[in-house]
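Examination of the molecular architecture
Each chain, letter by letter, is given below.
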Amino acid sequence: DWKNQPYIVTVSSIPNQGYVFMFQNTDSIQTLIDRLNNHFFITGLITAILTIVIIILLSIALVRPLNKMKEATIQIKSGDFSISLPDIGNDELGKLAKTINLLASELMHLKEERSQFLATISHELRTPLTYLKGYADIVQRKNLSIEERDKYLSIIQEEAKRINTLVEDLFELAKIDQYGFEMKKQTIQLSEFIAHLHHKFEPAFLHQSMRLHVEMPQKDINVNIDSARVEQMLYNLLDNSLKYSQTATETTLKIWTNTKDLYLRIIDNGSGIQEKDLPHIFKRFYRGTYSNDSCKGGSGLGLSIVKELVNAHNGEITVKSNSKTGTTFTIMLKGAVLNEKDTFSR
């Protein structure tokens, strides 16, 4: 019944003979199509299930480290910096985990430094305040002689000066840490600036039977620096030379240039810095072995301030020292020199 039932029909012509009609029932083809449809349905269902499973697994793999990072940030917020996130690769999540680890480490370091800083401040203030209170009580005694009273008042004055120096240094470091100071660079004539410093510092050296010698090129050199900050650097370094050098010695301030860079070197013949102390002298409140002597004074902050000011000038500071030849500090201020014009020395 080819007219009423589904068949596939083909017609082939035979030359001079007629045509051949071929009929193929579609039941087998329909069966094949049904089987293919079943296969496609099963395959689609399996694919959908696998996709859902993979999405769930990827979500878990993504959310788990994010949850750990969330817990870590909550710990950091509460003040607990002892966290350690695992290394999960170099992708974005891995980089984020490394950044959180680094942040926790830095905050831990800052917390330790703050605790050490507060402990050191307490210690530094406790000693002079104890002296002040003790000697103030002694001075109030009625049977005290004038000589003794003057002696104790002198000690009180020295300790008050020591506290004042410490507080001033702390304020200076606080301004540097909080970027509360501005670098007021200006163009100045180097020889005039150094002559002013020499005139200002030389009396202190002469008072201790010492000599301050200055060496600098016989040139008109214009430099772009913050003169007040550079003067503060040199003051702290020259003050150390005064404290730790013997009488009848000489301290040399040597200045030279190299293309656009300005170099300042202070050479003394003092007692030197021990080798074990050299890597730490720019740390705050660090005192070398020789500087623990109370008669030397000092807050342990001077060289820290020098280091910060040199960094603010985009410069570098190095130190060499031994007990036989003394100490040499070299400061390089990068790009400070504007121009050089040779002149004749008078």
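Residues numbered from 1 in each chain as written. Predicted model: local features only at pLDDT ≥ 70, side-chain atom pairs only at ≥ 80, totals over all residues. Heavy atoms only, no water.

Moving on: the side chain of Thr 26. Its location among the elements puts Thr 26 in the loop between strand E2 (18-25) and helix H1 (27-77). Judged by its relative accessible area of 17%, Thr 26 is buried. (Helix = DSSP H or I, 4+ residues; strand = E, 2+ residues; numbered from the N terminus. Buried < 20%, exposed > 50% of the residue type's maximum accessible area, 1.4 Å probe, protein only.)

Looking now at the packing of aromatic side chains. Throughout the structure, instances matching the rule amount to four aromatic pairs. Each ring, one from Phe 201 and one from Tyr 235, has its centre 6.0 Å from the other, and the planes form 40°; the classification is tilted. Of this pair, Phe 201 sits in helix H4 (residues 190-207) while Tyr 235 is found in helix H5 (residues 227-244), placing the two residues 34 residues apart along the sequence. With a centroid separation of 5.0 Å and an interplanar angle of 5°, the aromatic rings of Trp 256 and Tyr 263 are classed as stacked. Taking NZ or CZ as reference, Lys 254 lies 5.6 Å from the ring centre of Trp 256, over its face. The ring of Phe 282 carries Lys 307 above its face, with NZ or CZ at 5.6 Å from the centroid. (Phe/Tyr/Trp six-rings, centres within 6.5 Å; stacked < 30°, edge-to-face > 60°. Lys NZ or Arg CZ within 6 Å of the ring centre and 35° of its normal.)

We now examine the confidence of the model for the protein chain. Here the protein chain averages 82 in pLDDT, and 90% of its residues register 70 or above. When the criterion is pLDDT under 50, residues 290-295 qualifies, and its contacts beyond four places in sequence or with other chains add up to seven contacts. A low-confidence stretch, residues 342-346 (pLDDT under 50), is modelled with five contacts involving residues beyond four sequence positions or located in other chains. (pLDDT = per-residue confidence, 0-100. Contact = heavy atoms within 4.5 Å.)

Pairing within the open sheet is mixed, and its five strands lie in the order E4-E6-E7-E9-E8. On the outer flanks of this sheet lie strand E4 (211-215) and strand E8 (315-322), each paired with one strand and no other. With direction set aside, neighbouring strand axes in the sheet form an average angle of 15°. Direction of pairing for strand E6 (residues 250-258) relative to strand E7 (residues 261-267): antiparallel, over a ladder of seven bridges. Each bridged residue has a counterpart across the sheet, and for Asn 258 the counterpart in E7 is Asp 261. Its contacts with the sheet put H4 on E4, E6 and E7, and the angle it makes with E4 is roughly 170°. The strands touched by H5 are E4, E6, E7 and strand E9 (326-333); relative to E7, the strand with the most contacts, the crossing angle is about 20°. (Pairing = 2+ DSSP bridges. Axes fitted to C-alpha atoms, helices over the stretch in contact; angles between N-to-C directions.)

Across the two faces of E8 the burial differs, with Gly 315, Ile 317, Val 319 and Ser 321 buried and Glu 316, Thr 318, Lys 320 and Asn 322 not buried at all. Examined bridge by bridge, E8 and E9 share eight bridges and lie antiparallel to one another. Paired with Lys 320 across the two strands is Thr 328, which belongs to E9. From the end of E8 to the start of E9, which pair antiparallel, there are three residues.

Between H4 and H5, the least distance of the axes is 11 Å, while the angle of their chain directions is 30°. Taken together, the axis directions place H4 and H5 in an arrangement best described as roughly parallel. Crossing geometry of H4 relative to H5 is assigned as right-handed. Between H4 and H5, the residues in contact are Phe 193, His 196, Leu 197, Lys 200, Phe 201, Ala 204 and Phe 205 and Ser 227, Val 230, Glu 231, Leu 234, Tyr 235, Leu 238 and Leu 242, respectively. (Parallel < 35°, antiparallel > 145°, perpendicular 65-115°, else oblique. Left-handed = near helix turned anticlockwise from the far one by under 90°.)

Looking at the secondary structure, you find Val 214 in strand E4. You can call Val 214 partly exposed: its relative accessible area is 24%. Residue contacts for Val 214: discarding those within four places in its chain leaves Ile 194, His 198, Leu 253 and Ile 255.

Bringing unusual backbone geometry into the picture now. Even without glycine at this site, Thr 259 takes up a positive phi of about 60°. Mapped onto the elements, Thr 259 comes out in the loop between E6 and E7. Of note, Asn 314 is a non-glycine position whose phi angle comes to about 60°, a positive value. Structurally, Asn 314 can be placed in the loop between helix H6 (302-312) and E8. We classify Asn 314 as exposed; its relative accessible area is 52%.

The next thing to look at is the side chain of Asp 268. When you line up the elements, Asp 268 lands in the loop between E7 and H6. Exposure remark for Asp 268: the relative accessible area of 8% places this residue in the buried category. A polar atom in the side chain of Asp 268 sits 2.9 Å from the backbone nitrogen of Thr 327. Beyond its immediate sequence surroundings of up to four residues, Asp 268 is in contact with Ser 241, Ser 245, Glu 250, Thr 251, Thr 325, Gly 326 and Thr 327. (Polar contact = N/O pair within 3.5 Å; in protein donor to acceptor, adjacent residues only side chain to side chain.)

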